[in-house]
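Below, each chain spelled out in residue letters.
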Amino acid sequence: QVQLVESGGGLVQPGGSLRLSCAASGFTFSSYAMSWYRQAPAKEREFVASITHISGSTNYAFYADSVKGRFTISRDNSKSTVYLQMNSLKPEDTAIYYCKASRPRQSEYWGLGTQVTVSS
């Protein structure tokens, strides 16, 4: 059974840091591009960051303008896990963060999300 399980969310103060993890199972992780999305109350789900299946280097990572310079996405194919390092957090980063695995024209999977709250 395909599973994407996010973890690492919680409460953090503005300016703080948090690292999210998404553990994948039930499919060939290394064949899928991985992404992070988020959804705040009363807002649409939005793209945060993505990383291709080809490499875990920053050359293959992409970010929303709102998080550039603050967030870093990475993956460890040996652990079938994708990470999102979040620094300099702002209250507007508060949202449920979702992990997505995608293989164009073939399949797409979503995790159930983890809550991130940035508040003093």
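Residues numbered from 1 in each chain as written. Predicted model: local features only at pLDDT ≥ 70, side-chain atom pairs only at ≥ 80, totals over all residues. Heavy atoms only, no water.

Participant: Lay out the state of the cysteines in plain terms, naming residues and giving numbers.
Facilitator: With the rule as written, the count across this model stands at one disulfide. Shown here is the disulfide that connects Cys-22 with Cys-99, its sulfur atoms set 2.1 Å apart. Disulfide Cys-22-Cys-99: torsion about the S-S bond near -85°, hence left-handed. Taken as a pair, Cys-22 in strand E3 (residues 18-25) and Cys-99 in strand E9 (residues 95-103) lie far apart in primary sequence, 77 residues in all. Pair check on accessibility: Cys-22 and Cys-99 agree, each one buried. (Disulfide = S-S within 2.5 Å. Helix = DSSP H or I, 4+ residues; strand = E, 2+ residues; numbered from the N terminus. Buried < 20%, exposed > 50% of the residue type's maximum accessible area, 1.4 Å probe, protein only.)

Participant: So what's going on with the side chain of Ser-102? Which residues, and what values?
Facilitator: Position of Ser-102 relative to the elements: it lies in strand E9. Discounting chain neighbours no more than four positions away, the residues touching Ser-102 are Tyr-32, Ala-33, Ser-107 and Glu-108. (Contact = heavy atoms within 4.5 Å.)

Participant: Give me the lowdown on the sheet that holds strand E7 (residues 71-76), citing residues and values where you can.
Facilitator: Pairing is antiparallel across the open sheet formed by four strands, whose spatial order is E1-E3-E8-E7. Among the strands making up the open sheet, the edge pair consists of strand E1 (3-7) and E7. Direction aside, the axes of adjacent strands within the sheet are offset by 15° on average. Examined bridge by bridge, E1 and E3 share five bridges and lie antiparallel to one another. The residue bridging Leu-4 from the neighbouring strand is Ala-24, located in E3. (Pairing = 2+ DSSP bridges. Axes fitted to C-alpha atoms, helices over the stretch in contact; angles between N-to-C directions.)

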